[in-house]
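As a plain string of letters, each chain reads:
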Amino acid sequence: MPLFAEGDHSDAVYNVSEGTVRLYKLLPDGRRQIIGFALPGDFIGVVPGVRCGLSADAIGSVMACWLLKESFLRFIECKPRMMPRIGRSAQPASCSPSSRPCEAMP
């Protein structure tokens with residue numbers, strides 16, 4: 001199940017709580033180029049941008065929570081000591097929110 005697709009509007013940051021998320025780009029011939037995987041504790045979408053730079057989908061069952069990028073950036077401004085910890089688990093992706101802040105994916 002997709003969390004977001006390349007080219008989607010990007011206004012959120014995801015945190016993977018459970019499961020594995022595949023990060024990939026679609027090639028012109030329709031194949032997927034795997035960029036990486038997000039695991040529990042990883043953040044996706046920290047990189048600034050208006051559009052998603054790649055796609056992400058659940059491998060099996062996944063629980064992911066999202067924060068609006070604007071709120072996340074305000075939090076980082078107030079707590080700059082958190083950024084190194086978040087940065088270690090950040091994945092280079094931009095994303096858009098799902099319909100609920102925390103969502104289990106089958």
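Our structure is the block above this text.
Caption draft 1: Local environment of the environment of Phe 43. Within the fold, Phe 43 resides in strand β4 (residues 43–44). Remark: the alpha-carbon pair of Phe 43 and Cys 65, spanning 22 residues in sequence, is separated by 9.5 Å.

Caption draft 2: Up close: helix α1 (residues 69–78). Within α1, the full set of buried residues consists of Lys 69, Phe 72 and Ile 76. The arc that holds the buried residues of α1, viewed along the axis, is 65°, so those residues lie on one side. Among the exposed residues of α1, those pointing more than 90 degrees away from its buried face are Glu 70, Glu 77 and Cys 78.

Caption draft 3: Local environment of the pattern of salt bridges. Summed over all chains, the structure comprises five salt bridges. The salt bridge partner of Arg 31 is Asp 29, with a shortest N-O separation of 2.7 Å. With a relative accessible area of 53%, Arg 31 lands in the exposed category. For Asp 57, the salt bridge identified is with Arg 32, shortest N-O distance 3.5 Å. Here the residue Asp 57 occupies a position in strand β5 (residues 55–68), and Arg 32 occupies one in strand β3 (residues 32–38), the gap between them amounting to 25 residues. Take Arg 32: its relative accessible area is 43%, and that puts it in the partly exposed class. Members of the salt-bridge network, linked through shared partners, are Arg 22, Arg 32 and Asp 57.

Calculation notes
In this convention, every chain numbers its residues from 1, walking through the sequence in written order. Two thresholds apply to this predicted model, a pLDDT of at least 70 for residue-level local features and 80 or more for giving and counting side-chain atom pairs, whereas whole-chain, interface and lining totals are computed over all residues. Hydrogens and water are ignored here; the side-chain numbers use all heavy atoms of the structure. In DSSP terms, a helix is any run of H or I states spanning at least four residues, a strand is any run of E spanning at least two, and both are numbered starting from the N terminus. Residue exposure (1.4 Å probe, protein chains only): buried if accessible area is under 20% of the type maximum, exposed if over 50%, otherwise partly exposed. The arc refers to the directions leading from the helix axis to the C-beta atoms. Take a side-chain nitrogen of Lys or Arg and a carboxyl oxygen of Asp or Glu: if they are within 4 Å of each other, that pair is a salt bridge.

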